[in-house]
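Topology and contacts: notes
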Amino acid sequence: MADFAGLSVLRLLLFVGVAFEGVLGRGYGWLNGHATFYGANQDPNSFGGACGYGNTFHAGFGTSTAALSSVLFRGGEACGACYQLKCDYRADPKWCLRRHTVTVTATNFCPPNNHGGWCDPPRTHFDLSSTAFFRIARQGDEGIIPVLYRRVSCKRRGDVRFTLKGQSNFNMVMISNVGGSGDIKAAWIRSSRTRTWVPMQRNWGANWQSRVDVRGQTLSFKLMLVDGKTLEFFNVVPSSWQFGQTFSSRGQFN
């Protein structure tokens, strides 16, 4: 009975370790998954996908991007998260580049087909840009490679970016180039008139909405990442802002 209890505790610890690795990005070793790649289309406007980033260069991510299977995507909460991948050389020495790694940002969703596809639950799958894919796999491999992956901290150039979308009193803000864990759990907006933090709701992906009319006002933002880290960004957007403009904060997660 003692051996059984000990085994149960061990299984529980392993489960908790995987959960923290997948959600909070803390180091619990490498996990198993698979990867494919988008294809020949290298238009950066096609990489932003289900996260709504649009051009991933403008968002701060370049072409080191990935679409995640539903288990990893978490309904869009994973947008902006960073993963380090390496091809599993022991499993596929023919196509894997040994000791090569690549770090990618989650910018898109790899939808399931519910017929045993690679992006069906509970599989952990990365559909990479071809640029990222061939950093860890040999040219000529047009198929699926086994990978080892882990969450890592996002190292960004510059500060957090806020792109204003919407119309009239419907305000939507696309938040990009977020450092630290990269994935946002909650967001708030504060205008120069209200001067209180108003919760925003995730509309889709990296787009957060508020129905408070903030036109003609200076805007501040507060973000909480999935790992619990929170920062306030004061007076990021001037009162003269227009829909479609992007503004950078004076601060960044690390």
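Residues numbered from 1 in each chain as written. Predicted model: local features only at pLDDT ≥ 70, side-chain atom pairs only at ≥ 80, totals over all residues. Heavy atoms only, no water.

Overview of the pattern of salt bridges
Overall, the coordinates contain 5 salt bridges when judged by the stated rule. A salt bridge links aspartate 183 to arginine 151, with the nearest nitrogen and oxygen atoms 3.3 Å apart. Of this pair, aspartate 183 sits in the loop between β8 (170–176) and β9 (184–191) while arginine 151 sits in strand β6 (residues 145–152), and the two are 32 residues apart along the sequence. A salt bridge links arginine 215 to aspartate 213; its shortest N-O distance comes to 2.7 Å. On the basis of relative accessible area, arginine 215 is assigned to the partly exposed category, the value being 39%. A residue is classified by how much of its surface remains accessible, and aspartate 213, at 34% relative accessible area, is partly exposed. Through salt bridges with shared partners, one network takes in Arg74, Glu77, Arg151, Asp183 and Lys185. (Salt bridge = Lys/Arg side-chain N within 4 Å of Asp/Glu carboxyl O. Helix = DSSP H or I, 4+ residues; strand = E, 2+ residues; numbered from the N terminus. Buried < 20%, exposed > 50% of the residue type's maximum accessible area, 1.4 Å probe, protein only.)

Some details on the sheet that holds strand β4 (residues 101–109)
The 6 strands lie next to each other as β1-β5-β2-β4-β3-β6, forming a closed barrel whose pairing is mixed. Shown here is a sheet whose adjacent strand axes are inclined to one another by a mean of 45°, direction ignored. By the bridge criterion, 5 bridges tie strand β1 (residues 31–37) to β6 in an arrangement that is antiparallel. Paired with alanine 35 across the two strands is isoleucine 145, which belongs to β6. (Pairing = 2+ DSSP bridges. Axes fitted to C-alpha atoms, helices over the stretch in contact; angles between N-to-C directions.)

Digging into the state of the cysteines
One pass over the structure, following the stated rule, counts 4 disulfides. Put simply, cysteine 82 and cysteine 154 are joined by a disulfide, and their sulfur atoms are 2.1 Å apart. Measuring handedness by torsion sign, the sulfur bridge of cysteine 82 and cysteine 154 sits at about 125° and is right-handed. Remark: cysteine 154 occurs in the loop between β6 and β7 (161–167) and cysteine 82 occurs in strand β3 (residues 82–87); sequence separation between them is 72 residues. Of the two residues, cysteine 82 and cysteine 154, neither departs from the other in class, the shared state being buried. One disulfide in the model links cysteine 110 with cysteine 119; its S-S distance is 1.9 Å. Disulfide cysteine 110-cysteine 119: torsion about the S-S bond near 85°, hence right-handed. A residue is classified by how much of its surface remains accessible, and cysteine 110, at 12% relative accessible area, is buried. Cysteine 119 sits in the buried class, given a relative accessible area of 5%. Ordinal numbering of bonded cysteines along the protein defines a disulfide pattern of 1-2, 3-8, 4-5, 6-7. (Disulfide = S-S within 2.5 Å.)

What about the confidence of the model for the protein?
Averaged over all residues, the pLDDT of the protein equals 88, while 85% of them reach at least 70. Note on residues 1–27: pLDDT under 50 across the span, and 24 contacts to partners over four residues away in sequence or across chains. (pLDDT = per-residue confidence, 0-100. Contact = heavy atoms within 4.5 Å.)

With respect to the packing of aromatic side chains
Tallying each qualifying case throughout the model produces 13 aromatic pairs. Relative to phenylalanine 126, the ring of tyrosine 83 has its centre 5.3 Å away and its plane inclined at 70°; by these criteria the two rings are edge-to-face. Residue tyrosine 83 is found in strand β3, and its partner phenylalanine 126 is found in strand β5 (residues 125–128); the two are separated by 43 residues along the sequence. Relative accessible area serves as the criterion here: at 0%, phenylalanine 126 is assigned to the buried category. Taken together, the aromatic side chains of Phe162, Phe221, Phe233 and Phe253 make up a single cluster linked through ring pairs. Between the NZ or CZ atom of lysine 86 and the centre of the ring of tryptophan 30, over which it lies, the distance is 4.3 Å. Above the plane of the ring of tyrosine 83 lies arginine 151, whose end atom (NZ or CZ) is 5.4 Å from the centre. (Phe/Tyr/Trp six-rings, centres within 6.5 Å; stacked < 30°, edge-to-face > 60°. Lys NZ or Arg CZ within 6 Å of the ring centre and 35° of its normal.)

Observations concerning the nonpolar core
One finds Leu68, Tyr83, Leu85, Phe126 and Leu128 to be the most contacted residues of the largest nonpolar core, which totals 33 residues. Residue assignment for this core shows that the elements contributing at least two residues are β1, β2 (65–68), α2 (70–73), β3, β4, β5, α3 (130–133) and β6. Those residues within four positions of leucine 85 in sequence are excluded, and the remaining contacts are Trp30, His100, Thr101, Val102, Val104, Phe126, Leu128, Ile136, Val147, Leu148 and Tyr149. Grouped together as the second largest cluster of nonpolar side chains are 22 residues, Val160, Ile184, Ala187 and Leu225 included. (Core = buried A, V, L, I, M, F, W, Y, C linked by side-chain atoms within 4.5 Å.)

Some words on the sheet that holds strand β14 (residues 230–237)
The strand order across the open sheet built from 4 strands is β10-β9-β13-β14, with neighbouring strands paired in antiparallel fashion. In this open sheet, the two strands that pair with only one neighbour each are β10 (198–199) and β14.

Focus: the pairing of β6
For β6, the tally of buried residues reaches 7 of 8 residues, placing the bulk of the element in the interior. Pairing analysis gives 6 bridges linking β3 to β6, with the strands arranged antiparallel. Counterpart to glutamine 84 in the pairing with β6 is arginine 150.

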